[in-house]
Amino acid sequence: MAGVVNIRDIDQSLGSSFQIKARVLKVHELRTFKNNTGKLFCVDIFDATGEIRLTAFNNDAENVCSIFKKDQIFSIVNGKINKANKLYNRLNHNYEIIMGPMTIITQIEDTSDVVPTHVTLMTFDNTIGVIIRIEDIVDIVKPTKTLKLRDVIIADNTGIEVTLTLWNEEASVFSGKIEDVLSVEKGKLVVYKKGKKLSVTQSTVIQINPNWPEKEVLKEWYKNEGQYQVDRMDLTQSSNSLNKLTYIATFYNVCCIFFSITDNAYLTSVDDKIFSQIVEDEKSTKRRLDEIYILQEQLQSEIIELTFKKIRLNLERQAVENRIINRRQ
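The paragraphs below set out a description of the structure included in this document. No experiment lies behind these values; they were computed from the predicted model shown. (Residues numbered from 1 in each chain as written. Predicted model: local features only at pLDDT ≥ 70, side-chain atom pairs only at ≥ 80, totals over all residues. Heavy atoms only, no water.)

**Some points on the overall build of the protein chain**
When helices and strands are counted, the protein chain shows four helices and 18 strands. In the protein chain, once contacts between residues fewer than 6 apart in sequence are set aside, the share between residues at least 24 apart is 63%. Carbon together with sulfur atoms contributes 51% to the accessible area of the protein chain, which is approximately 18,800 Å² in total. (Helix = DSSP H or I, 4+ residues; strand = E, 2+ residues; numbered from the N terminus. Contact = heavy atoms within 4.5 Å. Areas by Shrake-Rupley, 256 points an atom, 1.4 Å probe, with all protein chains shown as cover.)

**Some remarks on the packing of aromatic side chains**
One pass over the structure, following the stated rule, counts three aromatic pairs. Through pairs of rings, three or more aromatic residues link up here, namely Phe41, Phe68 and Phe74. (Phe/Tyr/Trp six-rings, centres within 6.5 Å; stacked < 30°, edge-to-face > 60°.)

**Quick look at the pattern of salt bridges**
This structure, assessed with the given rule, holds nine salt bridges. Residue Asp139 pairs with Lys148 through a salt bridge whose shortest N-O separation is 3.1 Å. Residue Lys148 is classed as partly exposed on the basis of its relative accessible area, which comes to 33%. For Arg317, the salt bridge identified is with Glu321, shortest N-O distance 3.0 Å. Taken together, the residues Arg317 and Glu321, both in helix α4 (residues 272-328) and four residues apart, mark about one turn of the helix. Note on Arg317: relative accessible area 42%, which makes it partly exposed. Judged by its relative accessible area of 37%, Glu321 falls in the partly exposed class. (Salt bridge = Lys/Arg side-chain N within 4 Å of Asp/Glu carboxyl O. Buried < 20%, exposed > 50% of the residue type's maximum accessible area, 1.4 Å probe, protein only.)

**A word on the pairing of strand β13 (residues 181-185)**
Of all five residues in β13, five are buried; the element is thus mostly enclosed. Residues of β13 alternate between two faces, with Val181, Ser183 and Glu185 on one and Leu182 and Val184 on the opposite face, all of them buried. Sheet analysis places strand β9 (residues 127-134) next to β13, joined by four bridges and oriented antiparallel. Looking at the pairing, Ile128 lines up with Ser183 of β13. Here four bridges tie β13 to strand β16 (residues 205-208), and the two strands are oriented antiparallel to one another. Looking at β16, one finds that Ser183 is bridged to Gln207. (Pairing = 2+ DSSP bridges.)

**Description of the pairing of strand β3 (residues 39-47)**
In terms of burial, β3 is a largely internal element, eight of the nine residues being buried. By the bridge criterion, four bridges tie strand β1 (residues 19-27) to β3 in an arrangement that is antiparallel. Its bridge partner being in β3, Val27 is matched across the sheet by Val43. Across two bridges, strand β2 (residues 31-32) lies against β3 in antiparallel orientation. From the neighbouring strand, Thr32 faces β3, where its bridge partner is Lys39.

Structural data, given as structure tokens:
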């Protein structure tokens, strides 16, 4: 096996024998498929070159789900490299790594020399800023459920404001305060004529006062300049009470449709019949996607198990052959 491989260089040409060293970006919950047909566990990791998802199924998922902790660094040796399913995996990598019986996971010393402390901010989806406003929770009533939404507005020393939209539990348990520094990694960016909005997805990682070098710069800016700029902005906005956004949300993972309301506009609503049809189409689409995803994961899990079994049998055969040769000598 060659030396440590950079995440950006991972593809199927490596086979199943390789090593990477990476920091944990996000640990997903252990999931059980419907009717207890299997289990799935995912963890997102990154190094200085990129990010990738690790996935495990069934017994392997149960064995590794308690190992990974956010921000810790691990060495991962061996695994099966699959094409990433972009329907469920929004990370910026074309592949993902399937962990199996032959995968070796080892926690290593945490130093930024090995792996940086956060993903490089290459796109607006990853950003950091000072919290300047926290809106109250708003209930969005749908025919089958009620969603909770909370907007958190952050700004930085360039004068740009961005609204982060939190949903459901994350909206309810949000503990940030005005003047805190907030970082968002892998947010879903939506751009409007009047601004930008980041929405939370399954891959999003939110940290309050993270250990990023930008944090102290932003805190100093807010203390000396930013809070006064925010006061002036609030005075301007108070005379434009209709300059807001109304949200009509469709929900699979987190997917949002937004309509803007201008000063002279009146509130518009979606025709009830069309809206009901959209809701029904959404339900049927989600059901079918779930069915396909479960079938796909079952087949993928079987392929992985057979692949690792083939590797194990090959190693055992070689060992037996070597013993036979040694006895004959």
